[in-house]
Amino acid sequence: MAEILSSLRSLMAAHSPPLDALVVPSEDYHQSEYVSARDTRREFVSGFTGSAGLALITKDEARLWTDGRYFLQAEQQLSNEWTLMRMAEDPAVDVWMAENLPEEAAVGVNPWCISADTAHRWESAFAKKKQKLVQTATDIVDEIWKNRPADEANPVVVQPLEFTGCSVAEKLHDLRGKLKASKARGIIITTLDQVAWLFNIRGSDVPYCPVVHAFALVTLNSAFLYVDRRKVSSEVNSYMEENAIEVRDYTAVSSDVALLASDQLDSTSTINRKPKAETVRNGTTEAEGAGVDLVWVDSSSCSYALYSKLNLEKVFQQQSPLALAKALKNPVELDGLRKSHIRDGAAVVQYLVWLDKQMQDIYGASGYFLEGETDKKKKDLRTTKLTEVTVSDKLESFRASKEHFRGLSFPTISSVGPNAAIIHYGPQPETCAEVDPDKIYLFDSGAQYLDGTTDITRTVHFGVPSTHEKACYTAVLKGHIGLGNARFPNGTNGHTLDILARIPLWKSGLDYRHGTGHGIGSFLFVHEGPHLISFRPSARNVPIQASMTVTDEPGYYEDGNFGIRLENVLVVNEADTKFNFGDKGYLEFEHITWAPYQRKLIDVSLLVPEEIEWLNTYHSRCSEILAPYLNENERSWLSKATEPVTVA
C-alpha cells in the first residue's frame, strides 16, 4: 500500500496543475454500486473491498470514507497508512477537504467517476478558500495499476418479452411522452440498469449484475446505444434496427452529448429517422412542439464529464423518468418475481436441511431444532472441515439447479459469530472462519434468474443460543413483522416507515447502522431505487407505491460477538381497508420470500398474539408453497421447521 501511495503522490506532483489531493471514488463511469474488476480503483489503492466508499490521498495523508455497513470491515482491511472516516459520524469528505486543504488547493478527480451533483457540492464547499476541482484528462490510478484487468467483450443479450412484459417500442413511446411533457427534446441515460431496462437487453460486464457497459441517448425522433461493438452480434444488431435504435461506439457518447446539446444529434442518425414535423405559426415555420428545447439529465447519476458538455441554460435537471418506471413492476415482472422467489426459497430450505445434517454429523451439534450441548468429542475428532466459503458454495449449488438461474445477485454474506457483526462481511477462502455449532450463523444471499432477482437473509444457531441472543433475534423479528404488516396511505415514504422496524429494538436501547429496505430489480440490480426504506433523508424523496418491490431487513450487530438480520422481499399492493380517510387509498405489503424463521431463536414470551398469528400463517404458507419443489426428506424437515408456535 505504501508503494502505491508513493507512486500516486509522485504523479500528483507532476500533474499540471500540481494536485494537493486526489479523490478515488468507488464508482465507474455509470455511478454503479457494483463495478467490474477493472473499475475497482478505490479497492486497488486502499485495500478496502466494500462496495461503498471514497478514498482521498493528500501529500501526507490517506483517508477513506465509508458508511456504517462497513466500519468493522474497513478497520480490519485498511493498513496503517490509512485513516478511517465514518460517514454520518465524521465530517463529510467535502467538508473535510474544504477545512483541511490549503487555500487555492487543487483537488484532482476522474470526472467520469463522480456525478455532476457531487462535483457541484464539492465546488460549492471549495469556494470559500478558492480551492478548485480539477478534472484529470486520464485516471491517475490507471497509470500505476500495472496488472489492471482487461476489458472483456461480453455479449449483449436480448431479454425476451415473456420476461419483460413490455416492448421497447412501448417503453420508448412512454419515455418520449414524458420528455414532451417536460419540454425536453432528449435525455441522457447513464445508469446501466436503466439502459438495460429501456432496451430490454442484458449482459455480464459487472459481476452479479446482468448489465452491459453502455450509455443511451434518446430524442423525440431517435435512439442511440453506446457500447463496445464487439459485444453486439448480428442478431442483436438486427434487433436494435427493428426497434429504431442506432448502435454506436461506447466512446462516442461524449461527442454525441455535445451534439445533443446543440440540437444536431438527430441529423446524424442513419436508422429510420423521422423528419421533424413542421407547422406554420404566425406565418413562420417552426418545428413541432416549439419550446421543446431542453435536455433532460439526472445530475445525481450523470457523470461530471458528460454534464460538462451541456449548455446549462438548456438543461432540465430531474431524476430520470426511467427510475420510477423501472421500479413500478408490470404484471409479468411481478409474476416472474413471485415464481423466482419460490424456487429460490426451495434452494434455501434445501441448504438448511443439508447444513443441519452436516452440523450434527461432523460437529456433533444438537442441530436446527434441538437445544443441546455440542458433542465436544465428535467435534474434536472431525476429519472434515466446513468454512464460511465452502458452505456458501453449497448454497450456490442448490440455486444453480433451479430453472432460469443465471448466477448470484451479490457476493454471499456467509458469516459465523463475530463475523456476522460485520454487516456486509465478505468471506475469503484464505481467511474465512470455520462454521461453529456454538455460534450464530448469518447468511445473506440472492440469485439472478431470468424472471427475477432475489435477496434473502436468515440467521440460525445449531447449538444452544444464549438468552441475550434470543432476545435480540426476537426484537429483530418483531421489527421485521411490524414493517411487513404495515398499512399506510398513498404518499407515505420509506423514511416514515423505517421506524416501524426499529421500535422493538429501541425499546431495549438497540439499533442498526443500515437502511431497512431497498427495491429489487427484475433480473437486474439487487439494489434498486429510486425508493428505499431508511433513516437517510433521501428516503423522503419518493413515496412507496403499488407494484414496487422493497426488502424488509432489520438487524442487530454486537461487535466481536454476533450479528442478526432477517430479510424478505415484499411487493407493495393496494389495501382493501374498511375506510378510506381523505380518499387517499391505502397500501400494504405482500411477502414473496419463503423460508422458515428458526423457532429456537425466538423468545415466544416476547411476541404478542398478532405476531404469533402472523408467524404461524407465514410458516403454514411457506410449507405449502415450497413442498412441490422438495423431496420427501426435505418436506419432512420443512414441516417440522414450520410447526405452529404456541405460548407455553
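All values reported here derive from a predicted model rather than from experimental measurement.

1. What to know about the side chain of His424
Consideration 1: Looking at the element boundaries, His424 is found in the loop between strand E18 (413–416) and strand E19 (441–445).
Consideration 2: For His424, a relative accessible area of 19% corresponds to the buried category.
Consideration 3: Once you skip the residues sitting within four places of it in the chain, His424 turns out to touch Arg69, Tyr70, Gln73, Ile413 and His527.

2. Re the packing of aromatic side chains
Consideration 1: Enumeration over the complete set of coordinates arrives at 21 aromatic pairs.
Consideration 2: With 5.6 Å between their ring centres and 20° between their planes, Tyr441 and Phe443 make a pair best called stacked.
Consideration 3: Above the face of the Phe71 ring, Arg86 is positioned so that its terminal group lies 5.7 Å from the ring centre.
Consideration 4: The side chain of Arg458 reaches across the aromatic face of Tyr597, ending 4.3 Å from its centre.

3. A short note on the pattern of salt bridges
Consideration 1: Applying the stated criterion across every chain yields a total of 40 salt bridges.
Consideration 2: For Arg513, the salt bridge goes to Glu89, with nearest N and O atoms at 3.6 Å. Within this pair, whereas Arg513 is found in the loop between helix H18 (494–506) and strand E24 (517–519), its partner Glu89 is found in the loop between strand E4 (83–86) and helix H4 (93–100), the two being separated by 424 residues in sequence.
Consideration 3: What makes Arg513 partly exposed here is its relative accessible area of 44%.
Consideration 4: The partly exposed category is assigned to Glu89, whose relative accessible area is 48%.
Consideration 5: Lys376 is the partner of Asp438 in a salt bridge, and the nearest nitrogen-oxygen pair spans 3.2 Å. Pair noted here: Asp438 is in the loop between E18 and E19 and Lys376 is in helix H15 (residues 376–380), with a separation of 62 residues, a long-range link.
Consideration 6: Take Asp438: its relative accessible area is 28%, and that puts it in the partly exposed class.
Consideration 7: Taken together, the shared-partner salt bridges in this structure form one network comprising Asp39, Arg41, Asp139, Asp142 and Arg148.

4. So, helix H8 (residues 168–181)
Consideration 1: For H8, with 14 residues, the first-to-last C-alpha span of 20 Å sits near the 20 Å given by 1.5 Å per residue.
Consideration 2: Restricting attention to buried positions, one finds in H8 the residues Val168, Lys171, Leu172, Leu175, Arg176 and Leu179. Angular distribution of buried residues about the axis of H8 spans 130°; they occupy a single face of the element. Away from its buried face, by an angle of more than 90 degrees, H8 presents the exposed residues His173, Lys180 and Ala181.
Consideration 3: Positive phi appears at Lys183, one or two residues downstream of H8, with a value of about 60°.

5. A look at the UniProt feature "domain: Peptidase M24 C-terminal" (unreviewed entry) in the chain
Consideration 1: Per the UniProt record, the feature "domain: Peptidase M24 C-terminal" (unreviewed entry) sits at residues 585–645.
Consideration 2: For residues 585–645, helix accounts for 46% and strand for 10%, while the C-alpha atoms at its two ends are 34 Å apart.

6. Focus on the environment of Val526
Consideration 1: Here Val526 lies in the loop between E24 and strand E25 (528–533).
Consideration 2: Residues Val526 and Ser392 lie 134 residues apart in sequence; the distance between their C-alpha atoms is 18 Å.
Consideration 3: Discounting chain neighbours no more than four positions away, the residues touching Val526 are Tyr34, Ser409, Phe410, Thr453, Thr454, Asp455, His518, Gly519 and Ile520.

7. Let's talk about a nonpolar patch on the surface
Consideration 1: A cluster of nonpolar side chains, Ile499, Ile503 and Trp506, forms an exposed patch at the surface whose accessible area comes to about 250 Å².
Consideration 2: Looking at where Ile503 falls in the secondary structure, it is placed in helix H18.

8. Notes on helix H10 (residues 234–242)
Consideration 1: Looking at H10, one finds that the buried residues are Val236, Tyr239 and Met240. For H10, the angular spread of the buried residues around the axis is 100°, confining them to a single face. The exposed set on the far side of H10, more than 90 degrees from its buried face, consists of Ser234, Glu235 and Glu242.
Consideration 2: Buried residues belonging to H10 abut strand E7 (157–158), H8, helix H9 (192–199), strand E9 (201–202), strand E11 (223–226) and strand E12 (246–248).
Consideration 3: Where H10 terminates, the next one or two residues include Ala244, which has phi positive at roughly 55°.

9. Section: the sheet that holds strand E20 (residues 447–449)
Consideration 1: Pairing within the open sheet is antiparallel, and its three strands lie in the order E17-E20-E21. Each edge of the sheet is formed by a strand with only one pairing partner; in this case those strands are strand E17 (405–408) and strand E21 (452–453).
Consideration 2: In the sheet, E20 pairs with E21 via two bridges, with the strands oriented antiparallel. By the bridge assignment, Tyr449 is partnered in E21 with Gly452.
Consideration 3: Its contacts with the sheet place helix H16 (residues 388–400) against E17 and E20, and it is angled at close to 160° to E17.

So, how was this worked out
- Residues numbered from 1 in each chain as written.
- Predicted model: local features only at pLDDT ≥ 70, side-chain atom pairs only at ≥ 80, totals over all residues.
- Heavy atoms only, no water.
- Helix = DSSP H or I, 4+ residues; strand = E, 2+ residues; numbered from the N terminus.
- Buried < 20%, exposed > 50% of the residue type's maximum accessible area, 1.4 Å probe, protein only.
- Contact = heavy atoms within 4.5 Å.
- Phe/Tyr/Trp six-rings, centres within 6.5 Å; stacked < 30°, edge-to-face > 60°.
- Lys NZ or Arg CZ within 6 Å of the ring centre and 35° of its normal.
- Salt bridge = Lys/Arg side-chain N within 4 Å of Asp/Glu carboxyl O.
- Expected span 1.5 Å × (residues − 1).
- Arc of directions from axis to C-beta.
- UniProt positions renumbered as here; feature names shortened; annotations may be inferred.
- Patch = residues over 30% accessible without salt bridge, like charges linked within 9 Å, V, L, I, M, F, W, Y side chains within 5 Å.
- Areas by Shrake-Rupley, 256 points an atom, 1.4 Å probe, with all protein chains shown as cover.
- Pairing = 2+ DSSP bridges.
- Axes fitted to C-alpha atoms, helices over the stretch in contact; angles between N-to-C directions.

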